[in-house]
Amino acid sequence: MQSPPGDIIIVFVGGAGSGKSYFIDLLTRDSDQPDRVQGATNHINATRIPFPGDRERNIVLVDTPGYGFDTNYSAAKILGMVRTWLRTEYQHSEVAISGLVYFHPVTDTSELSPYQGLEALIRLCNGDADRVLLVTTMWTKVTIGDGRAREEYFVKVLWKDLIAKGASMERLENTTWDDAWDIIVPLIVRRLLGSNLNRSASKLLTFLTRPLSTLLNVTRKSTRSPEPVNSSLEYKKLSITDGAALESKLEKLIPWKQCLTLARRIVQDPVKRTWLTNLRDREAQSMVDFLFKVLDDESDLEYSQRNAVLHILSRLAKSAQVYPECLRLNGVNCNLVTPVAQGGHAIIYKGKIGTKFVCIKTIIMYQGQRKKAKVAKSMRIQVKELVLWARLSHQNILPFCGVYCSAESTPRTCIVLPWMENGRLDVYIREHPNDPRLHFVRSPPSTVEMGSRLLAISHPTPITDDQKSDHTLRRSARATASDPRPPPPPLSN
């Protein structure tokens, strides 16, 4: 079995004792093991880490033997070893490495540095210096003044030409998991998006439709199959905590301005709009998460553009049956057995989050073959409803809390709302006939707050068939709509 061609391959090179193998141990947390013995690397050692949220991609860390005048390895020999390993591991695939990381001790003052052979190794990157990262190590063994003086020499003399061609430089000052990943995360993002982000809108669009949860504030545990029997890669699985931390690091480097520019292009292009609404499964999920995040951004998107994004988002969510993952709530307790109310399409249960009661709204799951179409239609309507409801904020509309996925064998998607102790308006009026009625018949709101901006809708929200007394709840002295249906603005295809 060969490795996936979409892997992000990072090759680590340097002289013997430069710290490259230890650096990989930091990335995999092997350095935390007290009985870990770090010996010399005499062959290619590759470690595969599943990419957070993407079951079809790995981060592959390739350790190489130290080379130089004091070893049995030259740069040319290392180059041949890596190429042979790539052909063996990625059979019949055109594979290019994503990054080349060269380690150089800041204590090294020798003129016979392994750096002299680095030019040959850059061939692994097809000569692209943008993919080369120069890392100085051993900072704890020099004074700050001496270290900075050596670093200045590297920048202005030893590495001057390579840096001018696009190579970057980093220090490994603190030997922690965080510091190690901070150094190589830019290489990963560059591999995914390309070096010229201003001219890679199409690549960015392709990237956004992949299940990269980091961009979208989603933390998921990657479930992957075991390592192939005949693979030479060691398998290291990230813990949930480390996966979330790595996602956060990647997200910080996402070019959000380019993402917003892309969002503008999408809403202005009928072809792209149609293409997006036809996405399904993981691609649809990632795009729904992205569009929802666009609406959260305090940007200069025009009102018409924000409305268009919301319209595309609701259409895609409805057709693909996915909702923004950031809306999912944890810690909801509800058995979904004894309803407290039921309408034509939905059932209401009473649940709890912590010590607070909440309202759990879910569709009626009809039994029987003939009812399947009705259930499917109700599910599409519900997903669109929760996406729109999540964007609303008004004193006359019940606040949206989030989404709860039931723990049943066939999970149900439920809308979570605040629990209204006074119940439905029609029941409240019957039980309190002497209460004034005037504040119950206020006109429906003509504005909605989208994100943190208040945007005026071009026409007042109409009272639909669903906005009646049994869909209106009583909160203190105010009646609150529990089934808002503001129509999105029309958008021509």
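Residues numbered from 1 in each chain as written. Predicted model: local features only at pLDDT ≥ 70, side-chain atom pairs only at ≥ 80, totals over all residues. Heavy atoms only, no water.

The protein carries the name G domain-containing protein in an unreviewed UniProt entry, which gives Leucocoprinus birnbaumii as its organism.

Participant: Account for the packing of aromatic side chains, naming residues and giving values.
Facilitator: Each aromatic ring pair is summarised here by two numbers: the centre-to-centre distance and the angle between the ring planes. What the rule picks out here adds up to eight aromatic pairs. Three or more aromatic residues joined by ring pairs make a cluster, and in this case those are Y102, Y153, F154 and W159. The ring of F357 is capped by K350, whose NZ or CZ atom sits 4.2 Å from the centre of that ring. (Phe/Tyr/Trp six-rings, centres within 6.5 Å; stacked < 30°, edge-to-face > 60°. Lys NZ or Arg CZ within 6 Å of the ring centre and 35° of its normal.)

Participant: So, the sheet that holds strand β3 (residues 58-63): which residues are in play, and what are the values?
Facilitator: Strand order in the open sheet made by the seven strands is β6-β5-β4-β1-β3-β2-β7, with mixed pairing throughout. Two strands close off the open sheet at either side, each with one partner strand: β6 (168-171) and β7 (233-235). Sheet twist, expressed as the average angle between the axes of neighbouring strands with direction ignored, equals 25 degrees. Here five bridges tie strand β1 (residues 8-14) to β3, and the two strands are oriented parallel to one another. Within β3, the position partnered with V11 by the bridge is V62. (Pairing = 2+ DSSP bridges. Helix = DSSP H or I, 4+ residues; strand = E, 2+ residues; numbered from the N terminus. Axes fitted to C-alpha atoms, helices over the stretch in contact; angles between N-to-C directions.)

Participant: Before we move on, can you summarise the side chain of D30 with the specific residues and values?
Facilitator: With respect to the helices, strands and loops of the structure, D30 is situated in the loop between α1 (20-28) and β2 (45-50). Residue class for D30 comes out buried when judged on its relative accessible area of 4%. (Buried < 20%, exposed > 50% of the residue type's maximum accessible area, 1.4 Å probe, protein only.)

Participant: Talk me through the packing of helix α9 (residues 256-268) against helix α12 (residues 303-320); I want residue IDs and the actual numbers.
Facilitator: At their nearest, the axes of α9 and α12 sit 10 Å apart, and the two run at 75 degrees to each other. With respect to α12, the element α9 is oriented roughly perpendicular. When α9 is examined against α12, the residues R264, I266, V267 and Q268 are found in contact with a partner set consisting of Q305, A308, V309 and I312. Class assignment of the residues belonging to the contact of α9 with α12 gives a composition of five nonpolar, two polar and one charged. (Parallel < 35°, antiparallel > 145°, perpendicular 65-115°, else oblique. Contact = heavy atoms within 4.5 Å. Nonpolar A, V, L, I, M, F, W, Y, C, P; charged D, E, K, R; others polar.)

Participant: Could you give an account of the pairing of strand β5 (residues 132-137), with specific residues and numbers?
Facilitator: Along β5, six of the six residues are buried, which leaves the element largely enclosed by surrounding structure. By the alternation rule, side chains of β5 split into V132, L134 and T136 and L133, V135 and T137, which are all buried. Bridge count between strand β4 (residues 99-105) and β5: six bridges; the pairing is parallel. In the sheet register, Y102 faces β5, and the bridge partner there is L134. Bridge count for β5 against β6 is four bridges, and the pairing is parallel. Residue pairing in the sheet places L134 in a bridge with M169 of β6.

Participant: Account for the pattern of salt bridges, with residues named and values stated.
Facilitator: The final tally for this structure, using the stated rule, is 14 salt bridges. In this structure, K156 engages E152 in a salt bridge whose closest nitrogen and oxygen atoms are separated by 2.8 Å. Of this pair, K156 and E152 are both found in helix α4 (residues 144-158), four residues apart, which corresponds to roughly one turn of the helix. With relative accessibility at 52%, the residue K156 sits in the exposed group. For E152, a relative accessible area of 43% translates into the label partly exposed. Salt-bridge contacts for K236 lead to E234; the nearest nitrogen and oxygen are separated by 3.3 Å. Classification of K236 as buried rests on a relative accessible area of 19%. Among the charged side chains, a salt-bridge network with shared partners connects D30, E234 and K236. (Salt bridge = Lys/Arg side-chain N within 4 Å of Asp/Glu carboxyl O.)

Participant: Which residues make up the state of the cysteines, and what values go with them?
Facilitator: Disulfides are covalent bonds that connect the sulfur atoms of two cysteines. Evaluation of the coordinates by the stated rule reveals zero disulfides. Here C405 is not disulfide-linked; the sulfur of C414 is the nearest cysteine sulfur, at 7.5 Å. (Disulfide = S-S within 2.5 Å.)

Participant: An account of the pairing of β2 is requested, with residue identities and associated values reported.
Facilitator: On a regular strand, each side chain points to the face opposite its neighbour's, so the side chains alternate between the two faces of the sheet. Taken across its six residues, β2 has five buried, putting it largely inside the fold. Relative to β3, β2 runs antiparallel, the two sharing six bridges. Bridge pairing links N45 to D63 in β3. The sheet contact formed by β2 and β7 spans three bridges and is parallel.

Participant: Tell me about α1, residues and numbers included.
Facilitator: Counting buried positions over the nine residues of α1 gives eight, a clear majority of the element. K20, S21, F23, I24, D25, L26, L27 and T28 are the residues of α1 that are buried. The first or second residue beyond α1 is R29, which carries a positive phi of 65 degrees.

Participant: Can you lay out the confidence of the model for the protein for me, pointing to particular residues and giving the numbers?
Facilitator: Looking at the protein, the pLDDT average stands at 77 and 74% of residues meet or exceed 70. Scored below 50 in pLDDT, residues 210-230 shows 70 contacts in the model against residues more than four places distant or in partner chains. Contacts of residues 485-493 to residues separated by more than four positions or lying in other chains number 21 contacts, the stretch itself having pLDDT below 50. (pLDDT = per-residue confidence, 0-100.)

Participant: So, the packing of α9 against helix α10 (residues 270-277): which residues are in play, and what are the values?
Facilitator: Packed helices, taken two at a time, are described by the angle their axes make and the gap between the axes. At a minimum axis separation of 5 Å, α9 and α10 run at an interaxial angle of 95 degrees. Here α9 is positioned roughly perpendicular relative to α10, judged by the angle of their axes. Within the contact between the two elements, α9 uses R265, I266, V267 and Q268 and α10 uses P270, K272, R273 and L276. In the contact of α9 with α10, the residues fall into four nonpolar, one polar and three charged.

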